[in-house]
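Letter by letter, the chains look like this.
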Amino acid sequence: MPVADPKDRLIVALDVPDADAARALVRQLGDAASFYKIGMELSMAGGFFELLDWLKAERKKVFVDLKFFDIPETVARAVGNLAARGADFCTIHGNQSMMEAAAKAKGSHLKVLAVTALTSLDRGDLDDLGFQCDVADLVLSRARRSLASGCDGVISSGMEVERLRREAPRELICVTPGIRPVENRVVADQKRVMTPGDAIRAGADHLVIGRPIRDAADPRAMTLAVHDEIAAALRA
């Protein structure tokens, strides 16, 4: 699915302790960023939905990453409530019936994305969890089930995006976390990582970047540098 505004390809993860810190980072980035992710850390800090409403009032796009996983009716109600607040993306981490319930409740604007395999997991971790299959096979299976359920796309490591683009329908939205700019290659708890340019060339629609921007000496300059790398990859 083509992205209308190239700037929207970068989703800045607001991996900060509270809503005040999130607003401060958004103000610091200014017009350098148009799309933000708010997730589990902020949801436990207070003021989560007020932050969502503030971001929308600031004309930002919002990706709510809470990885819904519950009985289908509960998932549907949660997704429906989120859609009413104007969120743009959300994540689900469930089975077929959960994904179908989310898809029916999402409305015309909210995009529901299925989590495939977290970028903090490797082959050994999947063995521990009981997944006796190749990581790429698992990601492709989840992608196909997501679209069959009426969802809009997946969260996928850049390492699996190229195969998704070859074997899954093009309308699949691919959002790729675990992105580390070349000048900021500390991976911490991420195990399957890729640079912004490599992920775009592989076929990612959106890149999620948090700590490399948050912890940069100049977060705005880092954000603009990522945009330049994305633009170069698109031209190539």
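Up top is the structure these notes are about.
Residues numbered from 1 in each chain as written. Predicted model: local features only at pLDDT ≥ 70, side-chain atom pairs only at ≥ 80, totals over all residues. Heavy atoms only, no water.

Asker: Explain the packing of aromatic side chains here, please?
Answerer: Counted under the stated rule, the structure contains three aromatic pairs. Aromatic side chains Phe35 and Phe89 sit 5.2 Å apart centroid to centroid with 55° between the ring planes, which places their arrangement in the tilted category. Taken together, the positions of Phe35 in strand S2 (residues 35-39) and Phe89 in strand S4 (residues 89-92) put the pair 54 residues apart, joining distant regions of the chain. Residue Phe35 shares its accessibility class with Phe89, and that shared class is buried. Geometry around Trp54 places Arg23 over its ring, the cationic atom sitting 5.6 Å from the centre. (Phe/Tyr/Trp six-rings, centres within 6.5 Å; stacked < 30°, edge-to-face > 60°. Helix = DSSP H or I, 4+ residues; strand = E, 2+ residues; numbered from the N terminus. Buried < 20%, exposed > 50% of the residue type's maximum accessible area, 1.4 Å probe, protein only. Lys NZ or Arg CZ within 6 Å of the ring centre and 35° of its normal.)

Asker: Help me out: how do you make sense of the state of the cysteines in this one?
Answerer: Here, the word disulfide means a covalent bond between the sulfur atoms of two cysteines. A complete count under the given rule lists zero disulfides for this structure. Unpaired in this structure, Cys90 has its nearest cysteine sulfur neighbour in Cys151, at a distance of 8.2 Å. The exposure class assigned to Cys90 is buried, which follows from its relative accessible area of 0%. (Disulfide = S-S within 2.5 Å.)

Asker: Just to check I follow, could you spell out the side chain of Asp65 for this structure?
Answerer: You can see Asp65 is positioned in strand S3 (residues 61-68). At 3.0 Å, the side chain of Asp65 forms a polar contact with the side chain of Lys67. At a separation of 2.7 Å, a polar atom in the side chain of Asp65 contacts the side chain of Thr91. Among residues more than four places away in sequence, those in contact with Asp65 are Lys37, Ile38, Gly39, Met40 and Thr91. (Polar contact = N/O pair within 3.5 Å; in protein donor to acceptor, adjacent residues only side chain to side chain. Contact = heavy atoms within 4.5 Å.)

Asker: Please explain the pattern of salt bridges as it appears in this structure.
Answerer: Pairs can form between side chains of opposite charge whenever their charged atoms are close. Applying the stated criterion across every chain yields a total of 14 salt bridges. Measuring nitrogen to oxygen at the nearest pair gives 2.9 Å for the salt bridge that ties Lys56 to Asp88. You can see Lys56 sitting in helix H3 (residues 48-57) and its partner Asp88 sitting in the loop between helix H4 (72-84) and S4, a full 32 residues away along the chain. Here Lys56 falls in the partly exposed class, since its relative accessible area comes to 27%. The exposure class assigned to Asp88 is buried, which follows from its relative accessible area of 5%. We note a salt bridge from Asp65 to Lys67, for which the minimum N-O separation is 3.0 Å. Its relative accessible area of 25% is what places Lys67 among the partly exposed residues. Each of Lys37, Asp65 and Lys67 takes part in one network of salt bridges that share partners. (Salt bridge = Lys/Arg side-chain N within 4 Å of Asp/Glu carboxyl O.)

Asker: Where do I start with the pairing of strand S8 (residues 206-209) in this structure?
Answerer: A regular strand places its side chains on the two faces of the sheet in alternate fashion. Of the two faces of S8, the one holding His206 and Val208 and the one holding Leu207 and Ile209 are both buried throughout. Pairing of strand S1 (residues 10-13) with S8, which is carried by three bridges, proceeds in the parallel orientation. From the neighbouring strand, Leu10 faces S8, where its bridge partner is Leu207. Across two bridges, the pairing between strand S7 (residues 173-176) and S8 is parallel. Counted as the bridge partner of Thr176 is Leu207 from S8. (Pairing = 2+ DSSP bridges.)

Asker: Please clarify how the sheet that holds S8 should be interpreted in this entry.
Answerer: Overall, parallel pairing links the eight strands, which are arranged S1-S2-S3-S4-S5-S6-S7-S8 in a closed barrel. Strand-to-strand, the axes of this sheet are offset by a mean angle of 25°, without reference to chain direction. Alignment of S4 against strand S5 (residues 111-115), held across four bridges, turns out to be parallel. Bridge assignment links Ile92 to a residue of S5, and that residue is Ala114. Across the sheet, H3 lies against S2 and S3, angled at about 150° from S3, the strand it touches most. Each of S1 and S8 is contacted by helix H11 (residues 219-235), which is oriented at about 150° to S1, the strand it contacts most. (Axes fitted to C-alpha atoms, helices over the stretch in contact; angles between N-to-C directions.)

Asker: Would you take a moment to explain the nonpolar core for this structure?
Answerer: For soluble globular proteins, nonpolar side chains are generally found buried alongside one another. Of all hydrophobic cores here, the largest spans 56 residues; its most connected members are Leu14, Ile38, Leu55 and Ile92. Excluding anything up to four places from it in sequence, Leu55 contacts Leu14, Val26, Tyr36, Ile38, Lys60 and Val62. (Core = buried A, V, L, I, M, F, W, Y, C linked by side-chain atoms within 4.5 Å.)

Asker: Explanation requested: the environment of Ala216 in the structure shown.
Answerer: With respect to the helices and strands, Ala216 occurs in the loop between helix H10 (211-214) and H11. With relative accessibility at 18%, the residue Ala216 sits in the buried group. Excluding residues that lie within four positions of it along the chain, Ala216 makes contacts with Arg211 and Met222.

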